[in-house]
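# Structural overview for review
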There are 4 protein chains.
Amino acid sequence: MAMVCLSDFEAYAKKYLPKIAWDYFAAGADDCNTRDENILAYKRIHFRPRMLRDVSMMDIRTKILGTEISFPVGIAPTGFHQLAWPDGEKSTARAAKAMNTCYIASTYSTCTLEEISAAAPSGLRWFQLYIHRNRATSQQLVQRAEALGFQALVLTADVPYTGKRRDDIRNGFRLPPHMKLKNLEQDFEVCKMSLLDPSVTWNDIYWLQSLTHLPIIIKGILTKEDAELAVRHGVRGIIVSNHGGRQLDEGPATIDALVEVVEAVQGRVEVYLDGGIRKGSDVLKALALGAKCVFIGRPALWGLAYKGEEGLQDVLRILQDEFRLSMALAGCASVSEIGRHLVQVSKL
Amino acid sequence: MAMVCLSDFEAYAKKYLPKIAWDYFAAGADDCNTRDENILAYKRIHFRPRMLRDVSMMDIRTKILGTEISFPVGIAPTGFHQLAWPDGEKSTARAAKAMNTCYIASTYSTCTLEEISAAAPSGLRWFQLYIHRNRATSQQLVQRAEALGFQALVLTADVPYTGKRRDDIRNGFRLPPHMKLKNLEQDFEVCKMSLLDPSVTWNDIYWLQSLTHLPIIIKGILTKEDAELAVRHGVRGIIVSNHGGRQLDEGPATIDALVEVVEAVQGRVEVYLDGGIRKGSDVLKALALGAKCVFIGRPALWGLAYKGEEGLQDVLRILQDEFRLSMALAGCASVSEIGRHLVQVSKL
Amino acid sequence: MAMVCLSDFEAYAKKYLPKIAWDYFAAGADDCNTRDENILAYKRIHFRPRMLRDVSMMDIRTKILGTEISFPVGIAPTGFHQLAWPDGEKSTARAAKAMNTCYIASTYSTCTLEEISAAAPSGLRWFQLYIHRNRATSQQLVQRAEALGFQALVLTADVPYTGKRRDDIRNGFRLPPHMKLKNLEQDFEVCKMSLLDPSVTWNDIYWLQSLTHLPIIIKGILTKEDAELAVRHGVRGIIVSNHGGRQLDEGPATIDALVEVVEAVQGRVEVYLDGGIRKGSDVLKALALGAKCVFIGRPALWGLAYKGEEGLQDVLRILQDEFRLSMALAGCASVSEIGRHLVQVSKL
Amino acid sequence: MAMVCLSDFEAYAKKYLPKIAWDYFAAGADDCNTRDENILAYKRIHFRPRMLRDVSMMDIRTKILGTEISFPVGIAPTGFHQLAWPDGEKSTARAAKAMNTCYIASTYSTCTLEEISAAAPSGLRWFQLYIHRNRATSQQLVQRAEALGFQALVLTADVPYTGKRRDDIRNGFRLPPHMKLKNLEQDFEVCKMSLLDPSVTWNDIYWLQSLTHLPIIIKGILTKEDAELAVRHGVRGIIVSNHGGRQLDEGPATIDALVEVVEAVQGRVEVYLDGGIRKGSDVLKALALGAKCVFIGRPALWGLAYKGEEGLQDVLRILQDEFRLSMALAGCASVSEIGRHLVQVSKL
């Protein structure tokens, strides 16, 4: 089977992963409308491609928080990579480094931060965290991450409670006994129920800043009001995200929310996006609408499920090639030429 | 089979109810467009969820006409509960009381008002009525309901004649011989044909007010003009309803009509809604658009069909959990924080 | 099989008519988009029903060109009724008279005008005509119709050439040898190819007026510009029609064009509509948007196919009952209460 | 099997062509959204047909760059006609001449320009070219074409690189060994990879003009900005095209882009269109929106696949008949009567 586009990896993963793992990765909240809208929303955005521009020398590099990456696609934080591939997050880290892009490691990793760091020592890594009821847990994680060379903290803001994912309930999803949330030394079920703190507010950003010199990025913002609050509280970046449609169903698709957030932020901090990226042209659309970089969640897991770090590199390489080609066909030779003029957005 | 969401109860009821009963409950008028639009219309409403608000203490209680209920979902008036479960409306009353919410008993009940009252003595009950050709019938019903502690009268305004439900005609729907419209001591066929008075007008509200001290709520309003008339005639509440799409096909979905009615009413009376509620997030949308409370019709019948009062409690509990979670994920810790800002409505 | 709604007659006709006849009646031009849009367009029109209006005495009668009919639905001109039922147009005439409504007999009838008149002597009949290359043919038809008591002439304006109906071409459609275009004493193939005059212009209306005292109605108007021309040329009525989607594919649905035409005409002449009427509520929508009366084409043929004049009466009676019920449920007790306020039209 | 409309030829070609050839002709880039939108977009354009205009004498001729053609449909440049029919482009040239219309021969022809010219000596032929890395190659092609009597050069602007066509990658598409890009004396794979020059800019138009007296037409323009640039650089015509959806997926449908381009050009040069033409009414819509002529790509190949030059003539004749009939039914007797007033465009 030729692996030509990301859907091929999706089909592979669906076929070969245990159903319970596939369902967990695929799950959306409730009716999965937002999960699906994340993808469909791109169809309402049309390019306005320009012709006869010199695109012989293509430069698709960009910088995020000042660090150069090979193209504007990183790995979003997702949990439990060992469900997809035995080496788990170690493979993810190696693939990201090999492709010279950013990997946001999840608190819910099945490898320790130390293992992840060791797997790809000089790779660009950010660390995703929650604020735990036991603030000491969060504090230790932050300090471990900083010590290990993670270069930013990504605070997930959209999980005061876990979204209702029907298939996981039906399947009685839980991790196999040999997998652990190694960074928490806890069972996942325990974590889900009792560790995350639903009383977190914007002031906790200040507390987090007091613990670390790392820049803080907030993930899960969908409105201009929250974007404004994020900027005012000193975050350095915003990831427009609806958690892959796994939290509140029937909020906006991320590409739709991006427009609102970018307009509110007015360039004061970097804005990223995850959710629904399936083709290089999706990346181009997100950048045209103001994203500095996008992150892939499920496609990274499909790549791991296919062939571990090699599979994930395949996924990234396909996206890279597609992105470069889309840029060229739209008339842009470098990322700096991408702008709002490149797309027309149809109203919902 | 795990009962995870309301669709599971629907599937159960469709499988286990006699076809003629399922068809009767499921029926919509004509092409069933309005019945289906009631549900589809929610997909055009998107949340604007807010993050990092303290949602550790969730309060989902509300009050309707001054009485507290555990969450803003009550039981809409529907007929013939014995078609779904042997104990019929007695089970419905018990479940509503157990869940501390409001049950609107239908004139077309297969238990007497006395039986319903006795089943759940201190429960919050309202009584739904029609105005009959023989006004004495209506008067007696009103007075019985008042004497039995029903706390409001719900006048159904949208049945001058019965809507055309094709499946019921094909099936030759009628009640099994052992079921009766016990409150009318009549056969259903007789009632449908000859008892309801199509000459009723707004002035009959005054007549009704002269019979009782109970507050009067009008059910079946879909326009601002009628909402204004309702307020002027002294009703205490309006249920925006299209009778589950069983009367006039191709009127508005109730969630669409709600916006118009709420705007006209300007807070002078409480506005409720029924039709199309299938998830906790639907409740949240209705409240965001100005409903004080919503009522469920068919889902209550599916719950009864599943396991009588236990099944209906399951349905209510699922809605309650989903509503609470949706609120939290949207950033609201109490019902008072829900408002118009929480949603974006796409044009039809 | 219970005949509950018009779709039941359609299913019957599709099952029992010879394929070549079914295909001929069902045919639309090219991709049949307009044929189908005629029906779908009604879904974009929503009622704004009013409650608590006295609808105990329903009056659904109306007048067209001063003559009362039992309800605002007549029989549109369609050809070849013997393909549907042996007695052909004689049955149609009898059914229309029995139901006290108007029948527009087609030039392409398989019975003579004399036979049609004799079948229902005092029925309200209009005669549909084309302008033939040989003007004498038209003149004779006009004079025969006038002499036989037809009360209006309906000039079809949208057939300078016959539309391209793919199935008819594939089937090699032609009339069975025992059927004739009796009013023309011609074979249909000959007519189609050579008799109709594509050079007809608005001035021919004057010529037609010079031949007869009968009022002239023009059928096939879809724009405000043509509506204005029609009024200026002294027609007494306009039938908004796209020939059931059989002529130019991808023009407007008739219910959409109706709004434009009614607005242009400003009440100076009566405006009617055909195309897409399948339910009583469709009739109500057309009247709410300004039609004085609607005409049914294919549904009349399905009725004939089912049981001749009895079947057509069944069709008309169902539409009548549905129309009366829709009116009542929308809060209108008489046709004069129907108005623009009753509907909301979503944009295409 | 009756060949009644273009879809019949498509079905034939799909059934009888080798899969690899069918896939190559049918291919679109990525998800094929633009390929499909090219067709679907016509459904959003509705005619406003006018009645009672003398359409007895129909004149469907037009002129492109001053040369009369029998109707406003030519043959778009597509490659590898021998994949569809053994005589390849020679048959195409003969059919175009027989139907008195324009054939744009592709650089990627499987016959030489000399063979194409000889096959239809006095036919109206334009030559499509790319600008090659080796400018001498382009220069020689231009000079050969001019010498052979080709009357215009069509510069394809939307292929700095080849679009990603998944099926071709899966199939490992390449030409059979006995077929050659005869005009380049090269293997196709070589050409695709290394011959086209992605550094081409608008200034190369001046270089091209310096080589030839032939008028230059630019193909692949989709925005007003590029349309303006094209005019300023002295092109004589613009073909609004997205390469049949084979280059950048999710740009605009060509009929949508046409409106923008026509408005920008303001009649200074002729504007043409290709992509999505499947019916005579599509041609009429394109002309109503300002196209001077349209070109067919895949339908021409289906015609070839059916019966070589005879098959292509069948395709053209059907389009011609449908176009003439659509014009007549819309009330236009000659191409000069077609205008913007004839259509209503629904917003995307």
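As annotated in an unreviewed UniProt entry, chain A carries the name (S)-2-hydroxy-acid oxidase and comes from Sclerurus mexicanus. Recorded under Sequence similarities (unreviewed entry), the UniProt text for chain A is reproduced unchanged: "Belongs to the FMN-dependent alpha-hydroxy acid dehydrogenase family." The record in UniProt for chain A states the following under Cofactor (unreviewed entry): "FMN".

## Brief notes about the overall build of chain A
Helix and strand content of chain A: 13 helices and twelve strands. In terms of overall size, chain A behaves like a compact globule, its C-alpha atoms giving a radius of gyration of 19 Å where 348 residues would be expected to give roughly 20 Å. The C-alpha extent of chain A, read off along each of the three principal axes, is 60 × 50 × 40 Å. Looking at chain A as a whole, 66% of its 348 residues are labelled buried. Counting only contacts in chain A whose residues sit at least 6 apart along the sequence, the fraction spanning at least 24 positions is 74%. When the accessible surface of chain A is totalled, it reaches about 11900 Å², and 50% of it is carbon and sulfur. Averaging the locations of the 42 positively and 40 negatively charged side chains of chain A gives two centres separated by 1 Å.

## Topic: the packing of helix 4 (residues 89–98) of chain A against helix 13 (residues 298–330) of chain A
Residue and element names in this part refer to chain A. As a packed pair, helix 4 and helix 13 sit with axes 8 Å apart at the nearest point and diverge in direction by 20 degrees. With respect to helix 13, the element helix 4 is oriented roughly parallel. Seen from above, helix 4 lies across helix 13 with right-handed handedness. Contact with helix 4, carried on its side by Ser91, Thr92, Arg94, Ala95 and Ala98, involves Leu304, Gly308, Glu309, Leu312, Gln313 and Leu316 of helix 13 and no other residues of that element. Looking at side-chain class alone, the contact of helix 4 with helix 13 contains five nonpolar, four polar and two charged residues.

## Concerning the relation of the copies chain D and chain A
Of the transformation superimposing chain D on chain A, the axial component is 0.0 Å and the angular component is 90 degrees, with the fit at an RMSD of 0.0 Å. Seen this way, the second copy is the image of the first under a four-fold rotation axis.

## Thoughts on the UniProt feature "binding site: glyoxylate" (unreviewed entry) in chain A
Residue and element names in this part refer to chain A. Annotation from UniProt places "binding site: glyoxylate" (unreviewed entry) at Tyr24, Arg165, His243 and Arg246. Taken along the chain, the residues just named run across 223 residues; in space they keep tight, none of their C-alpha pairs more than 13.2 Å apart. Relative to the helices and strands, Arg165 is located in the loop between strand 7 (153–156) and helix 7 (166–171). Those residues in contact with Arg165 that lie beyond four places of it in its chain are Tyr24, Ala27, Gly28, Ala29, His243, Arg246 and Gln247. Within the fold, Arg246 resides in the loop between strand 9 (237–240) and helix 11 (254–265). Judged by relative accessible area, which is 9%, Arg246 ranks as buried. Not counting residues within four places of it along the chain, the set of residues in contact with Arg246 comprises Tyr24, Phe25, Ala26, Ala27, Gly28, Ala29, Gly163, Arg165 and Arg298. A distance of 2.8 Å separates a polar atom in the side chain of Arg246 from the backbone oxygen of Tyr24.

## Let's talk about the UniProt feature "active site" (unreviewed entry) in chain A
Residues and elements named next belong to chain A. Under the UniProt annotation, "active site" (unreviewed entry) lies at His243. Along the chain, His243 falls in the loop between strand 9 and helix 11. With near-sequence residues (within four places) excluded, His243 lies in contact with Tyr130, Thr156, Asp158, Val159, Arg165 and Lys219. In this structure the side chain of His243 is engaged in a polar contact, spanning 2.9 Å, whose partner is the side chain of Asp158.

## A look at the interface of chain A and chain B
Between chain A and chain B, the contact holds 36 residues from the first and 30 residues from the second. Roughly 2800 Å² of surface becomes buried between chain A and chain B when both sides are summed, with 58% attributable to carbon and sulfur atoms. Where chain A packs against chain B, one counts eleven salt bridges. Residue Asp226 of chain A pairs with Arg50 of chain B through a salt bridge whose shortest N-O separation is 2.8 Å. The tally of links between chain A and chain B comes to 18 residue pairs in polar contact (both at pLDDT 80 or more). If one sorts the elements of the side of chain A that touches chain B by residue count, helix 10 (residues 224–232) of chain A sits on top with four residues. For the side of chain A that touches chain B, the residue count by class is 15 nonpolar, nine polar and twelve charged.

## Overview of the pairing of strand 9 of chain A
All names here are of chain A. Taking every second residue as pointing to the same face, both faces of strand 9 are buried, with Gly237 and Ile239 on one and Ile238 and Val240 on the other. Of the strand pairs in this sheet, strand 8 (residues 216–221) and strand 9 are connected by four bridges, and their pairing is parallel. When the sheet's bridge partners are listed, Ile218 is paired in strand 9 with Ile238. What joins strand 9 to strand 10 (residues 270–274) is helix 11, and the crossover it makes is right-handed.

## With respect to unusual backbone geometry
Phi is positive for Asn100 of chain B, which is not a glycine, with a value near 55 degrees. Judged by relative accessible area, Asn100 of chain B falls into the partly exposed class, the value being 40%.

## Section: the packing of aromatic side chains
With the rule as written, the count across this model stands at 52 aromatic pairs over all chains. When the centroid spacing of 6.0 Å and the interplanar angle of 15 degrees are considered together, the rings of Phe80 of chain D and Tyr108 of chain D count as stacked. Of this pair, Phe80 of chain D sits in the loop between strand 4 (73–75) and helix 4 (89–98) while Tyr108 of chain D sits in the loop between strand 5 (102–105) and helix 5 (113–119), placing them 28 residues apart in sequence. Since its relative accessible area comes to 0%, Phe80 of chain D is described here as buried. What makes Tyr108 of chain D buried here is its relative accessible area of 8%. Among the aromatic residues, those joined into a ring-pair cluster are Tyr24, Phe25, Phe80, Tyr108, Tyr130 and Phe173 of chain A. Taking the ring centre of Tyr24 of chain A as reference, the NZ or CZ of Arg246 of chain A above it sits at 4.7 Å. Above the plane of the ring of Phe150 of chain B lies Arg125 of chain B, whose end atom (NZ or CZ) is 4.7 Å from the centre.

## What to know about the environment of Cys332 of chain D
Residues and elements named next belong to chain D. Within the secondary structure, Cys332 is located in the loop between helix 13 (298–330) and strand 12 (343–345). Since its relative accessible area comes to 2%, Cys332 is described here as buried. Separated by 200 residues in sequence, Cys332 and His132 place their C-alpha atoms 44 Å apart. Here Cys332 is in contact with Val55, Met58, Met327, Glu337, Ile338 and Leu342, once residues within four sequence places are set aside.

## Let's talk about the interface of chain D and chain A
Each partner contributes to the interface: chain D provides 36 residues, whereas chain A provides 30 residues. Here chain D and chain A share eleven salt bridges between them. Arg48 of chain A is the salt-bridge partner of Glu225 of chain D, the closest N and O atoms lying 3.1 Å from each other. Here chain D and chain A share 18 residue pairs in polar contact (both at pLDDT 80 or more) between them. Elements represented by at least two residues in the side of chain D that touches chain A include exactly helix 7 (166–171), strand 8 (216–221) and helix 10 (224–232) of chain D. The biggest single contributor to the side of chain D that touches chain A is helix 10 of chain D, with four residues. Counted by class, the side of chain D that touches chain A contains 15 nonpolar, nine polar and twelve charged residues.

Criteria and cut-off values
Residues numbered from 1 in each chain as written. Chains lettered and ligands numbered in written order. Predicted model: local features only at pLDDT ≥ 70, side-chain atom pairs only at ≥ 80, totals over all residues. Heavy atoms only, no water. UniProt positions renumbered as here; feature names shortened; annotations may be inferred. Helix = DSSP H or I, 4+ residues; strand = E, 2+ residues; numbered from the N terminus. Rg over C-alpha atoms; globule rule 2.2 N^0.38 Å. Buried < 20%, exposed > 50% of the residue type's maximum accessible area, 1.4 Å probe, protein only. Contact = heavy atoms within 4.5 Å. Areas by Shrake-Rupley, 256 points an atom, 1.4 Å probe, with all protein chains shown as cover. Lys, Arg positive; Asp, Glu negative; His and termini not counted. Charge placed at Lys NZ, Arg CZ, Asp CG, Glu CD. Axes fitted to C-alpha atoms, helices over the stretch in contact; angles between N-to-C directions. Parallel < 35°, antiparallel > 145°, perpendicular 65-115°, else oblique. Left-handed = near helix turned anticlockwise from the far one by under 90°. Nonpolar A, V, L, I, M, F, W, Y, C, P; charged D, E, K, R; others polar. Least-squares fit on C-alpha atoms with pLDDT ≥ 70 in both. Polar contact = N/O pair within 3.5 Å; in protein donor to acceptor, adjacent residues only side chain to side chain. Buried area = accessible area lost by both parts, 1.4 Å probe. Salt bridge = Lys/Arg side-chain N within 4 Å of Asp/Glu carboxyl O. Pairing = 2+ DSSP bridges. Right-handed = clockwise from strand over helix to strand, strands pointing away. Phe/Tyr/Trp six-rings, centres within 6.5 Å; stacked < 30°, edge-to-face > 60°. Lys NZ or Arg CZ within 6 Å of the ring centre and 35° of its normal.

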